[in-house]
Amino acid sequence: MRRNVIGCMLILFYCLFVTLLSLTLLRVDAQVPVKQADIAKLAVLADTTSVPLDSNVDAMLQRINEARTQAGRPILRADVKLNELAHMRANDMVSRQYYAHESPDKTFFNDYFQQYDISATYACENLDLTITSDPNQVVQDWMNSNHGHRECVLSPNIDEAGYAVELYTDAPVDSATDTPIYVVVAIHANAQ
């Protein structure tokens, strides 16, 4: 009898471990620490004539909706709560100098849904670290990605969106340029 109980407990722990591992693999992109050398490489490609992205968040939604329309998907609506959460995520990345879907304290965007009174059965997050303030380029980066970003943009399971753009650094990244770097956060979800 004791052997059966121990065997059942081992099976239960194994199932729990596999489930948690699966959820982690579905949620986590590798954390990408931002290095000065990486920023310097981006600066070489800079478009210094652009307007800051935070003034183009509406244009980003428009570009996303154009891509969705071309793919036969319904357009997304801007959502105030998703925008607030996207801004919090972008500000957190800037203040703590990381660039990843998982924060240094191991939280993900959807861990904040209750705090922001967001109810969704499906949601996804796209990030971009960019030297250009052109929403066309940001959306193009996501559409050309092979890491799930395109799928997030075109998902049939979403109908609302929130976007944020924050200055990641305006410090000179090399002697040739003082190009700013922006972090862009997009959160897409379905309305409940």
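Residues numbered from 1 in each chain as written. Predicted model: local features only at pLDDT ≥ 70, side-chain atom pairs only at ≥ 80, totals over all residues. Heavy atoms only, no water.

What about the packing of aromatic side chains?
Counted under the stated rule, the structure contains 1 aromatic pair. Between F109 and F113, the aromatic rings sit 5.8 Å apart at their centres with planes inclined by 70°, giving edge-to-face as the arrangement. Judged by relative accessible area, which is 10%, F109 ranks as buried. (Phe/Tyr/Trp six-rings, centres within 6.5 Å; stacked < 30°, edge-to-face > 60°. Buried < 20%, exposed > 50% of the residue type's maximum accessible area, 1.4 Å probe, protein only.)

Points about the confidence of the model for the protein chain
Averaged over every residue, the pLDDT of the protein chain is 75; residues scoring 70 or more account for 66%. Note on residues 1–54: pLDDT under 50 across the span, and 57 contacts to partners over four residues away in sequence or across chains. (pLDDT = per-residue confidence, 0-100. Contact = heavy atoms within 4.5 Å.)

So, the sheet that holds strand 3 (residues 160–169)
Strand order in the open sheet formed by 4 strands is 1-3-4-2, with mixed pairing between adjacent strands. The two strands at the open ends of the sheet, each matched to only one other strand, are strand 1 (77–78) and strand 2 (123–130). Alignment of strand 3 against strand 4 (residues 181–189), held across 9 bridges, turns out to be antiparallel. Considered in strand 4, the bridge of Y163 is made with A186. Most of the contacts of helix 3 (residues 57–70) go to strand 3, to which it runs at about 130°, and overall it touches strand 1, strand 3 and strand 4. (Pairing = 2+ DSSP bridges. Helix = DSSP H or I, 4+ residues; strand = E, 2+ residues; numbered from the N terminus. Axes fitted to C-alpha atoms, helices over the stretch in contact; angles between N-to-C directions.)

Comments concerning unusual backbone geometry
Notably, Q97 is not glycine yet its phi reads approximately 50°, a positive angle. For Q97, the position within the fold is in the loop between helix 4 (80–96) and strand 2. Positioned with a positive phi, D117 is a non-glycine residue whose angle comes to about 55°.

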